[in-house]
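For reference, the chains in residue letters:
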Amino acid sequence: MSRPDAPPPHPLRKPLLIAEFSALAILLASMGWFSSQTADGSQLSAAWLLIPAAASLGVFLSFIGLMYLRWVAAAEAANRFRHKVVFALLAVTLIGVWVYGVANTWLSLNAT
């Protein structure tokens, strides 16, 4: 049931949701494909890891975009600066976790 006083959704909300779930589907499909390709013990080329890395970055960026719409764009003008600071710290932390994970994966591949 919709509320008559509810504001209309932001125009970027739907494209961000589509991007997030599309990237998530690509990520899950690539993980399934990798497991079927390496089931017999063979190794994949490290270049194939660019697919799940790009897909996971897409998931993170669209998630961060949706967070921005929910927390900052919808905030009252009086609290907007505080929301932007907290959002920036959270976004930098999430991107840092992604970079750390991708870097550790890449380094572990080169270590063997």
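Please read all numbers here as calculations on a predicted model, not as lab measurements. (Residues numbered from 1 in each chain as written. Predicted model: local features only at pLDDT ≥ 70, side-chain atom pairs only at ≥ 80, totals over all residues. Heavy atoms only, no water.)

**Student:** Explain the overall build of the protein to me, and be specific about the residues and the numbers.
**Tutor:** Helices and strands together make up the secondary structure of the protein, namely three helices and zero strands. When its helices and strands are written in sequence order, the protein yields α-α-α. Summarising its shape, the C-alpha atoms of the protein cover approximately 60 × 30 × 15 Å along the three principal directions. A burial count over the protein gives 21% of its 112 residues as buried. A separation of at least 24 residues holds for 62% of the contacts in the protein among residues at least 6 apart in sequence. (Helix = DSSP H or I, 4+ residues; strand = E, 2+ residues; numbered from the N terminus. Buried < 20%, exposed > 50% of the residue type's maximum accessible area, 1.4 Å probe, protein only. Contact = heavy atoms within 4.5 Å.)

**Student:** Kindly report on the environment of A6, identifying the contributing residues and their values.
**Tutor:** Mapped onto the fold, A6 is located in the segment before helix 1 (13-37). Spatially, the C-alpha atom of A6 lies 26 Å from that of L61, the residues being 55 residues apart in sequence.

**Student:** Give me the lowdown on helix 1, citing residues and values where you can.
**Tutor:** Relative to the 36 Å expected for 25 residues at 1.5 Å per residue, helix 1 spans 36 Å between its end C-alpha atoms, a close match to the ideal helical length. Every buried residue of helix 1 is listed here: L16, E20, A23, L27, S30 and F34. Of the surrounding secondary structure, the elements contacted by the buried residues of helix 1 are helix 2 (50-73). (Expected span 1.5 Å × (residues − 1).)

**Student:** Any details on a nonpolar patch on the surface? Residues and values, ideally.
**Tutor:** On the surface, I26, W33, L44, W48 and I51 cluster together into a nonpolar patch covering about 430 Å² of accessible area. Following the sequence through the fold, I26 ends up in helix 1. When its relative accessible area of 45% is taken as the criterion, I26 is described as partly exposed. (Patch = residues over 30% accessible without salt bridge, like charges linked within 9 Å, V, L, I, M, F, W, Y side chains within 5 Å. Areas by Shrake-Rupley, 256 points an atom, 1.4 Å probe, with all protein chains shown as cover. Salt bridge = Lys/Arg side-chain N within 4 Å of Asp/Glu carboxyl O.)

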